[in-house]
Amino acid sequence: EEYIPENDEVEEDAKRSNSDTRMNASEKEGVSTASVLEELKNDGGFMPIFEEYIKYEQMITDYAWKMHLLQHEMTTLTHRTMNKQTSTILNDE
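Residues numbered from 1 in each chain as written. Predicted model: local features only at pLDDT ≥ 70, side-chain atom pairs only at ≥ 80, totals over all residues. Heavy atoms only, no water.

**Student:** Mind showing me how you'd approach the pattern of salt bridges here?
**Tutor:** A pair can form between side chains of opposite charge whenever their charged atoms are brought close. Applying the stated rule across the entire model yields one salt bridge. Ionic pairing is found between Lys55 and Glu52, a salt bridge with its closest N-O pair at 3.2 Å. With Lys55 and Glu52 both in helix H3 (residues 47–92) and three residues apart, the pair spans about one turn of that helix. Here Lys55 falls in the partly exposed class, since its relative accessible area comes to 33%. (Salt bridge = Lys/Arg side-chain N within 4 Å of Asp/Glu carboxyl O. Helix = DSSP H or I, 4+ residues; strand = E, 2+ residues; numbered from the N terminus. Buried < 20%, exposed > 50% of the residue type's maximum accessible area, 1.4 Å probe, protein only.)

Okay, structure coming up:
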C-alpha cells in the first residue's frame, strides 16, 4: 500500500528543505567553488582528464537545456495563438 504523508509532515519537510543548512560544508571559510575550479584549471595534468570525464554529461545537459527552451517557446507561442483566437471569437459574438 502506498504511503501518503499527512499535510503537517509535508510542511515540516518543506521547512527543513528551505533552511540554511549547508551539506558537506568546508571547514575553511572563503574557499569558493570558483576558486577551487580556478586552481584545477591550472593543473595541466588534471583538467584534460576531468573535461573528458564530464564531456558526455555536458552534452546531455546542453541537449536538455535546448529541449527546455524549445518547449517553453512552443508553450508561449501556443498560449499567444490561443489567446488571439479566443479574443477573436469573443469579439465576433
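**Student:** Would you mind showing me how to read the packing of aromatic side chains here?
**Tutor:** How two aromatic rings sit relative to each other is set out by the distance from centre to centre and by the angle between their planes. Summed over the entire model, instances satisfying the criterion amount to one aromatic pair. Seen in terms of ring centroids, Phe46 and Phe50 are 5.4 Å apart; in terms of plane orientation they differ by 20 degrees. Their pairing is stacked. (Phe/Tyr/Trp six-rings, centres within 6.5 Å; stacked < 30°, edge-to-face > 60°.)

**Student:** What's the story with the confidence of the model for the protein chain in this structure? I'm lost.
**Tutor:** Where the model shows low pLDDT, its predicted coordinates should not be examined in detail. Taken as a whole, the protein chain shows an average pLDDT of 77; of its residues, 63% reach a score of 70 or greater. Highest mean pLDDT in the protein chain belongs to helix H2 (residues 33–42) (89); lowest belongs to helix H1 (residues 7–17) (61). (pLDDT = per-residue confidence, 0-100.)

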